[in-house]
Amino acid sequence: DTAVSQTPKYLVTQMGNDKSIKCEQNLGHDTMYWYKQDSKKFLKIMFSYNNKELIINETVPNRFSPKSPDKAHLNLHINSLELGDSAVYFCASSQAITQYFGPGTRLTVL
Amino acid sequence: AQTVTQSQPEMSVQEAETVTLSCTYDTSESDYYLFWYKQPPSRQMILVIRQEAYKQQNATENRFSVNFQKAAKSFSLKISDSQLGDAAMYFCAYRSAPTGANSKLTFGKGITLSVRP
């Protein structure tokens, strides 16, 4: 009965690899988001989708490509991973006001 | 652009006591929402409380309450009867009122709260 789920929870990979993080919500929400939490715990929006349409793209390198196959899923694909991409990535969803977060994916790039 | 400032990086409280976490924000908008999220060591982001800017009454959720001062652009969180499980990082966040393009959350840097037994 998890509301917002992410897989995997942990991801360790080498520089230059391509990886994906998946997000699913079973709340029936129309809007989904990706946030990045850096090593200093600062949280910043990356993308938002409303009913499969990209709404927000906050100056994120084009190595990051979100994909929303349907309104319950928002995946994040990252090409050519760099050391600076190491962070915790949170998916969130909302219907109107409040955003509900997934458990986060800790990405470590070696 | 909106900014959210949490100037205290850390605070400590004795179990069963009351603690207040500060947050200020800057915006030119008149309608918006403010939130406090809790992030325990499990790293899950948990909504603590929400305040609508158009409401004069301060929001309350059990032991958690806010002091919302719209003119001063201040939004502090008061935790009463602190419990060991309250130990976590707390983030203040701002959201513009309209949905769609402006629906992102802007976060402060967070404050780490420790609870002494």
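This structure is a prediction, so every number in the text was calculated from the model and none was measured.

Draft legend 1. Geometry of the state of the cysteines. Per the stated rule, a full pass over the model turns up 2 disulfides over all chains. Across a sulfur-sulfur distance of 1.8 Å, Cys23(A) and Cys91(A) are joined as a disulfide pair. In this structure, the disulfide formed by Cys23(A) and Cys91(A) twists by about -75° around the S-S bond and is classed as left-handed. One end of the pair, Cys23(A), is in strand S3 (residues 19-25); the other, Cys91(A), is in strand S9 (residues 87-94), and 68 residues separate them in sequence. Across this residue pair, the class does not change: Cys23(A) and Cys91(A) are buried. Shown here is the disulfide that connects Cys23(B) with Cys92(B), its sulfur atoms set 2.0 Å apart.

Draft legend 2. Region of the structure containing the pattern of salt bridges. Using the criterion set out here, one finds 8 salt bridges over all chains in the structure. With its nearest N and O atoms 2.8 Å apart, the salt bridge here joins Arg50(B) to Glu52(B). For Arg50(B), a relative accessible area of 29% corresponds to the partly exposed category. Through salt bridges with shared partners, a single ionic network connects Arg63(A), Glu82(A) and Asp85(A).

Criteria and thresholds
- Residues numbered from 1 in each chain as written.
- Chains lettered and ligands numbered in written order.
- Predicted model: local features only at pLDDT ≥ 70, side-chain atom pairs only at ≥ 80, totals over all residues.
- Heavy atoms only, no water.
- Disulfide = S-S within 2.5 Å.
- Helix = DSSP H or I, 4+ residues; strand = E, 2+ residues; numbered from the N terminus.
- Buried < 20%, exposed > 50% of the residue type's maximum accessible area, 1.4 Å probe, protein only.
- Salt bridge = Lys/Arg side-chain N within 4 Å of Asp/Glu carboxyl O.

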